[in-house]
Amino acid sequence: MQIARLRTFSGKVETHQQNVLKTAHHETNVCQYEKGRPFDTIPGPKGVPVFGTLFQYTRGPYSIDTYPNALVDRYYRYGPIFKETIAAKTRVHIFDPEEIKKLYATEENPHIPPLLETVKMYRKYRDMSPGLGNVNGEEWYRLRSSVQKLMMQPVSTVKFLPMVNEVVADFIKRMYKIRASTGEINNFNFELSKFIYESSTYTCFEKRQQILDDEKGSHTDKLLACNRTMLELSTKLKFQLPFFKYISTPTWRKLVASEDFFYRFGLTLVDETVVKMNELAESGDLKNGQYEFLSYLLGRRELSYKDVSILTLSMFNDGLSTTSPSLVWQLYCISRHPEKQEKLYEEVKDLSGKSEPISAQTLTRLPYLKACVKEGFRLFPIAPDVTREPTKDTVISGYQIPKGTYLSLNNNLLLRLPEYFAEPNAYKPERWIRGDSTDSIHPYVVLPFGHGTRMCVGRRFAEQEIYVMLIKLLQHFKIEWNSCEEMGRKFRTLFTPSTEAKFKFIPRE
Ligand code: HEM
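Keep in mind the model is a prediction, meaning the values are calculated, not measured.

A.B. asks: Quick one: what's the story with the sheet that holds strand E2 (residues 89–94), residue by residue and with numbers?
C.D. replies: In sheet architecture, strand pairing relies on hydrogen bonds along the backbone and comes in two forms, parallel and antiparallel. The strand order E1-E2-E6-E3 describes an open sheet built from four strands, whose pairing is mixed. Strands with a single pairing partner mark the edges of an open sheet, and in this sheet they are strand E1 (81–86) and strand E3 (386–388). Across the sheet, the axes of successive neighbouring strands diverge by a mean angle of 30 degrees, strand direction being ignored. Both E3 and strand E6 (residues 406–409) contribute to a ladder of three bridges, which runs antiparallel. Counterpart to threonine 387 in the pairing with E6 is serine 408. Packing against the sheet, helix H3 (residues 67–78) makes contact with E1 and E2, and its axis sits at approximately 135 degrees to E1. Contacts from helix H4 (residues 97–106) reach E2, E3 and E6, with the element oriented near 120 degrees to E6.

This is the structure we're talking about:
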């Protein structure tokens, strides 16, 4: 396969000696596989033929919303590796961080099942490019290497920082406008989605959509609702026998309608911007560095126009499902811990004037902010798992794992377990500060963006938006949690808030 000859991301070229070592390693693996315990002996809940344990989620004691809790229960019951079949699909769940570490270490060209099979199906159905998270092997490498520099290098991401600063400033102005006299803001989760949408479309198209304006209401509402529906229905379909793959079921049709609305709008934005870029180029008015994001992608000969479109749309679609709820959770943690909030305020209050932008250099410092964000991700990770699909027979925890098995690496479900963290439910950013902490934390437990070559490609963009937004919110407001209830979370393939955030924003003098 051609991929074996390609450069790795670290720029190393494999030598003959390394290949010899790999062959020897492969032979050792074959021997080890034969010594492993058979796959069938991996423990796990039995369930009924074909349906597996599906009814435990549709009729109780669990529900789709609480699927990750069921996995933690099963971890305590069956141990750090177990398998479970739900609606004809078997997954092996791995909770042992040492095994997860080993798996990451041996990843040469990791394959993953699609995060949302429905998205992959939809894109095929509409003749679109599948996009990064839905392909493997050479196809994945082609896409990933074409965006790696643009999206993962800090020097690249900071080019978009002025846009983030501008949208955050507008968001803060809007908060003053829509804030009730009590400090409350209605539908705050939705407001944050609007921010992410505005910030990421600005990054991609260098044109403000102005969705932070009240008048733009109905279209934006529908667009953001479609994003929610897509996650909602895709998750529902994971807990059904996959008839939708063969016949057009009502749920599938509803999903397609939502995706159509979202993509039609997004693809039009791409097309319009490209037309504009061509016009400017023809008239000689296209400035160097203008339309940075799209120019970069369009300039990659290995990418088709369809690839460019999907990679661009993924920026705001994926951000809406991940960065937006992450910000809600981060604020939730800060608002519920006033003493930590004050310590954080001390760190950020003089970084810039309240209405001044945050510089790239400033973002490289901020140890306490980064510790707070890490601790926020520990308590509220976005993804309950990351998945892998080994391309060779392998052995994990002494069991044979045939190639093609779906593996869930469930370290994100260990994040509140006392085996891994002292005072696991306490919000203690200090545990991440060298010198302040006495905790010894396994390095393969808190990995909110995954790890290795398939690590989240939007990570740098997401972090940049989170940091700037938190700094500015804290410079302007004291944030209080305004409810006696905790904010709940539910499983929608990702963890999403199950209730509206009840914050009070009190302006700081
Ligand atoms: C706080 C925000 C985010 C979190 C916590 C997050 C988390 C993750 C995780 C855990 C993975 C799986 C990694 C693995 O398999 O090892 C992933 C993959 C991915 N993420 Fe994110 N993500 C976030 C934001 C974004 C954004 C803004 C984008 C948009 C560009 C994005 C695009 C992707 C893509 C395309 C993949 C698949 C990468 C590949 O297979 O090569 N994510 N993300």
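A.B. asks: Give a description of the pattern of salt bridges that names residues and reports values.
C.D. replies: Under the counting rule described, the total for this entry stands at 27 salt bridges. For arginine 388, the salt bridge identified is with glutamate 107, shortest N-O distance 2.2 Å. Here the residue arginine 388 occupies a position in strand E3, and glutamate 107 occupies one in the loop between H4 and helix H5 (117–125), the gap between them amounting to 281 residues. Between lysine 349 and glutamate 346 there is a salt bridge, with the nearest N and O atoms lying 3.1 Å from each other. Relative accessible area serves as the criterion here: at 48%, glutamate 346 is assigned to the partly exposed category. Each of Glu166, Asp170, Lys173, Glu198 and Arg208 takes part in one network of salt bridges that share partners.

A.B. asks: A description of the UniProt feature "binding site: heme" (unreviewed entry) in the protein should follow, citing residues and the corresponding values.
C.D. replies: UniProt annotation of "binding site: heme" (unreviewed entry) refers to Cys456 when read in the numbering used here. As for its position among the elements, cysteine 456 is in the loop between E6 and helix H17 (459–476). The contact partners of cysteine 456, leaving out residues within four places of it in the chain, are Arg144, Met152 and Phe449.

A.B. asks: Can you break down the site of the ligand residue by residue, with the values?
C.D. replies: The environment of the ligand is formed by 26 residues, the closest being Trp140, Arg144, Arg388, Arg454 and Cys456. Among the elements of the structure, helix H6 (137–152), helix H13 (305–335) and E3 are those that each provide at least two residues to the shell around the ligand. Broken down by element, the shell around the ligand gets its largest block of residues, seven residues, from H13. A per-class count over the shell around the ligand returns 13 nonpolar, nine polar and four charged.

Calculation criteria
Residues numbered from 1 in each chain as written. Predicted model: local features only at pLDDT ≥ 70, side-chain atom pairs only at ≥ 80, totals over all residues. Heavy atoms only, no water. Pairing = 2+ DSSP bridges. Helix = DSSP H or I, 4+ residues; strand = E, 2+ residues; numbered from the N terminus. Axes fitted to C-alpha atoms, helices over the stretch in contact; angles between N-to-C directions. Contact = heavy atoms within 4.5 Å. Salt bridge = Lys/Arg side-chain N within 4 Å of Asp/Glu carboxyl O. Buried < 20%, exposed > 50% of the residue type's maximum accessible area, 1.4 Å probe, protein only. UniProt positions renumbered as here; feature names shortened; annotations may be inferred. Near = heavy atom within 4 Å. Nonpolar A, V, L, I, M, F, W, Y, C, P; charged D, E, K, R; others polar.

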